[in-house]
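# Structure at a glance
Each chain, written out:
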Amino acid sequence: MACAEAEIGSIEHASYIDDACIETLLAHGNQTFIVPTVEIAYSMLKDLTGNTPAFMHERSIEIMEHISEYMTKAYRAGIRLGWGTDADRVTFNEFPGLEFIARKAAGFSNEELLKMATVDSAALVGLQESIGTVKEGKLADLIVMEGEPDINIEDMKKLPKYVFKEGKLLVE
């Protein structure tokens with residue numbers, strides 16, 4: 001709560017956010033973003049690596065239940081959630097898009113997830129005038145995914161089909 005009271009820009013993880021924290025964030029002008037990294041608890045819950053210790057699997061059940069209740073409550077109360085990951089490179093390569101899948105499992109809609117990853121994250125880093133949406137005059141830094149992630153968030157498990165930087169195609 002001290003971060004919200006001090007109007008710190010972002011709080012990473014915040015896995016144990018509760019009603020008091022949500023109220024404090026809102027009472028202090030909602031200046032602080034939360035950047036949850038849900039894929040860690042989710043990967044242990046699903047034992048994606050095949051080597052999650054039993055005690056960590058049990059703990060991940062509690063964590064995911066808490067995140068599902070309180071992160072969605074915070075977001076729907078108006079707290080902005082940015083996008084981040086704590087996945088190591090090996091896990092990221094093996095499970096691209098895992099944070100999308102984990103947050104979906106926590107109860108967020110596809111539209112909410114895509115907004116967090118774009119609009120809200122651009123605002124988090126103070127670049128909402130340049131990036132985060134597709135609009136004339138913005139930088140046109142964007143990715144194009146195969147499929148329709150607004151309908152099926154599983155489409156985010158693939159690598160982008162195209163990557164544009166300042167309107168120039170970098171990856172095809």
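To start, this report covers the structure provided alongside it. (Residues numbered from 1 in each chain as written. Predicted model: local features only at pLDDT ≥ 70, side-chain atom pairs only at ≥ 80, totals over all residues. Heavy atoms only, no water.)

### Observations regarding helix H7 (residues 110–124)
As a reminder, the rule being used: Secondary structure elements follow DSSP: runs of H or I of four or more residues count as helices, runs of E of two or more count as strands, with numbering from the N terminus. By this rule the span expected of a helix is its residue count minus one, scaled by 1.5 Å. At any given residue, the bend is defined as the angle formed between two axes, one fitted to the seven residues that end at that position and one fitted to the seven that begin there. Burial status follows relative accessibility: with a 1.4 Å probe on protein chains alone, a residue under 20% of its type maximum counts as buried, one over 50% as exposed, and anything between as partly exposed. Whether two residues are in contact is decided by their heavy atoms, any of which lying within 4.5 Å being enough.
In this model, H7 (15 residues) spans 20 Å end to end at C-alpha, consistent with the 21 Å of a helix rising 1.5 Å per residue. The sharpest bend along H7 comes to roughly 40°, located at Met 116. Taken together, the buried positions of H7 are occupied by Asn 110, Glu 112, Leu 113, Met 116, Asp 120, Ser 121 and Ala 122. Where H7 is buried, its residues contact strand E2 (33–35), helix H4 (54–77) and helix H6 (98–105). Following H7 by one or two positions, Gly 126 has its phi on the positive side, about 75°.

### Things to note about the sheet that holds strand E5 (residues 168–171)
The following threshold applies: Following DSSP output, two strands are said to pair if at least two bridges run between them. Angles here are taken between N-to-C directions and fall from 0 to 180 degrees, while the axes themselves are lines fitted to C-alpha atoms, restricted in helices to the stretch in contact.
Spatially, E3-E4-E5 is the arrangement adopted by the three strands of the open sheet, whose pairing is antiparallel. Edge strands, defined here as strands with exactly one partner in the open sheet, are strand E3 (142–144) and E5. Within this sheet the neighbouring strands show an average axis-to-axis angle of 30°, counted without direction. Pairing of E3 with strand E4 (residues 162–165), which is carried by three bridges, proceeds in the antiparallel orientation. Of the residues in E4, the one forming a bridge with Leu 142 is Phe 164.

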